[in-house]
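# Tertiary structure, described
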Amino acid sequence: MNGFLALVLVCATAIPVQDCDEATAADVFKTRVASEIGCATGWQEIIARSEVREGVGRTAYLKTLCRRVRAGG
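As a starting point, this report considers the structure included with it. Values in this document were obtained by computation on a predicted structure and should not be read as measured data.

### Here's the deal with the sheet that holds strand β3 (residues 60-69)
- One open sheet holds the three strands; their spatial order is β2-β1-β3, and the pairing between them is antiparallel. Only two strands of the sheet have a single neighbouring strand rather than two, namely β2 (27-33) and β3. Averaged over all neighbouring strand pairs, the angle between strand axes comes to 20°, with direction disregarded.
- Across ten bridges, strand β1 (residues 3-12) lies against β3 in antiparallel orientation. Counted as the bridge partner of L5 is R67 from β3.

### Concerning the state of the cysteines
- Considering all chains together, one arrives at two disulfides under this definition.
- Disulfide pairing is shown between C11 and C20; the S-S distance is 2.0 Å. On the sign convention where negative is left-handed, the bridge of C11 and C20, at about 75° about the S-S bond, is right-handed.
- One disulfide bridge connects C39 with C66, the sulfur atoms lying 2.0 Å from each other. Looking along the S-S bond of the C39-C66 disulfide, the torsion reads about 60°, which is the right-handed sense. Of this pair, C39 sits in helix α1 (residues 36-40) while C66 sits in strand β3; the two residues are 27 residues apart in sequence, bridging distant segments of the chain.
- Take C39: its relative accessible area is 7%, and that puts it in the buried class.
- The connectivity of the disulfide bonds within the protein chain can be written as 1-2, 3-4, using the sequence rank of each bonded cysteine.

Parameters and conventions
Residues numbered from 1 in each chain as written. Predicted model: local features only at pLDDT ≥ 70, side-chain atom pairs only at ≥ 80, totals over all residues. Heavy atoms only, no water. Pairing = 2+ DSSP bridges. Helix = DSSP H or I, 4+ residues; strand = E, 2+ residues; numbered from the N terminus. Axes fitted to C-alpha atoms, helices over the stretch in contact; angles between N-to-C directions. Disulfide = S-S within 2.5 Å. Buried < 20%, exposed > 50% of the residue type's maximum accessible area, 1.4 Å probe, protein only.

Written as structure tokens, this is what we have:
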């Protein structure tokens, strides 16, 4: 069964949104989800429990990505 990989990138506000990717992000959170909807939900709790939450909105912003992955991939 195929699924999706949800990525939450934490990027410094100095980095333009279009340049925010896994290489430029200060932190990257990844989790496997069953659907594209799963990429858009659930990450708020992950960020809220992490140490990066203090800077979000002040010195950093979040960007979410969703990638299709094959079973076993």
